[in-house]
Amino acid sequence: MTFGLFFVVTSATTFLAPAAASDFWDEVRHPGLRAWRQDIAQARLALRAHRFREAMAAANAAVARLPEQAEGYVVRALAAAQLGAPEDACRDLRRALELDPASLDDPLDAGRAAQILAGRGDFEAAARVLRRALARMREGHSRRALYTLYGDVLSALGPAHNADAIRAYREALRTAQRDPRASLGLALALYREDAQGTEWRALARSVAARGRLEILLGGLALSEADRQARRAVLAEAIGDEAAARAAWGAAQSGPWAAHAAARAEERSPR
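Residues numbered from 1 in each chain as written. Predicted model: local features only at pLDDT ≥ 70, side-chain atom pairs only at ≥ 80, totals over all residues. Heavy atoms only, no water.

J.: How do you make sense of the nonpolar core when you look at a structure like this?
T.: Nonpolar side chains in soluble globular proteins generally cluster together in the buried interior. Core analysis: the biggest nonpolar cluster contains 89 residues, and L130, Y150, V153, V233 and W248 have the highest contact counts within it. By residue number, the principal contributor to this core is helix 5 (residues 70-82), which donates 9 residues. Not counting the four nearest positions on each side in its chain, Y150 is found in contact with A127, L130, R131, L134 and A168. (Core = buried A, V, L, I, M, F, W, Y, C linked by side-chain atoms within 4.5 Å. Buried < 20%, exposed > 50% of the residue type's maximum accessible area, 1.4 Å probe, protein only. Helix = DSSP H or I, 4+ residues; strand = E, 2+ residues; numbered from the N terminus. Contact = heavy atoms within 4.5 Å.)

Here it is in structure tokens:
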């Protein structure tokens, strides 16, 4: 009986291709893994096709099938964000990171996840995701975009992270010197470092000259205070003291509240 069982198992695997044999033993160790992989593939295909409800259904099936596998939560979070449920998306992203810190190392997943997390104010988690992804990426447009987002996230974390934000923005601008989002982020970070400097003013003026500022500011995954701080720097760069004072007044929340309050006070009528 033992020999017969041994013969059946070895015969089943001997004639399988290496990948198929691996799939066989994966399924033995993790029942349901093959169907889970199909769910994940279907969810990602639906996401790429903008069929978000279909993606959500497939991701739900994957999570229900193997709840200890992180990727199910990742794809469900991406679908949830597109369906207007950012809190659900953040919850799933945090769960994915708990299960596997490497679950968001893919640059595309990392960028979208960081935007979702930052959009809900979880800048710490967004920074962790981006730090890991950037350490593994090669040069290219996607890497520059992630460095810009990384600078935004670091800047939002407060004064202790401002020097790192400056380095991130400079890395983003190293191969794309006219990027308005990175230029504006760097202008603000440099201003916060030394308001008497000249580089921030030149950067902010170059951004202001391009126009479409409200579109630029509205597209940032940041708090309203961070948007107002950027608006204040732009106003100062072009000499609009009244607009700068109003923007600094509206930027008085979060870790940079004291800095914004001081700048608003300096511009108050005497």
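Picking up where we left off.
J.: Can you walk me through the packing of helix 3 (residues 33-48) against helix 4 (residues 52-65) in this structure?
T.: Relative orientation and spacing of two packed helices are given, respectively, by the angle between their axes and the distance between those axes. Here helix 3 crosses helix 4 at 160°, and the two axes come no closer than 8 Å. One finds that helix 3 runs roughly antiparallel with respect to helix 4. The crossing of helix 3 and helix 4 is left-handed. On helix 4, the residues touching A35, W36, D39, I40, Q42, A43, A46 and L47 of helix 3 are F52, E54, A55, A58, A59, A61, A62 and R65. Residues belonging to the contact of helix 3 with helix 4 are distributed by class as follows: 12 nonpolar, 1 polar and 3 charged. (Axes fitted to C-alpha atoms, helices over the stretch in contact; angles between N-to-C directions. Parallel < 35°, antiparallel > 145°, perpendicular 65-115°, else oblique. Left-handed = near helix turned anticlockwise from the far one by under 90°. Nonpolar A, V, L, I, M, F, W, Y, C, P; charged D, E, K, R; others polar.)

J.: How should the packing of aromatic side chains be read in this particular structure?
T.: To describe a pair of aromatic rings, one takes the distance between the centres and the angle between the planes. This structure, assessed with the given rule, holds 2 aromatic pairs. Both rings, one in Y191 and one in W200, keep their centres 4.8 Å apart while their planes meet at 90°; by these two values the pair is edge-to-face. The same class applies to Y191 as to W200, namely buried. Centroid distance Y191 to W248: 5.5 Å. Interplanar angle 25°. Geometry classified as stacked. In this pair, Y191 sits in helix 11 (residues 180-193) while W248 sits in helix 15 (residues 241-250), placing the two residues 57 residues apart along the sequence. What makes Y191 buried here is its relative accessible area of 1%. (Phe/Tyr/Trp six-rings, centres within 6.5 Å; stacked < 30°, edge-to-face > 60°.)

J.: Help me understand the confidence of the model for the protein in this model?
T.: Any segment with low pLDDT has predicted coordinates that should not be analysed in fine detail. For the protein, per-residue confidence averages 88 on the pLDDT scale, and 87% of positions sit at 70 or higher. Within the model, the stretch residues 1-16 combines pLDDT values under 50 with 5 contacts to residues more than four positions away or in other chains. (pLDDT = per-residue confidence, 0-100.)

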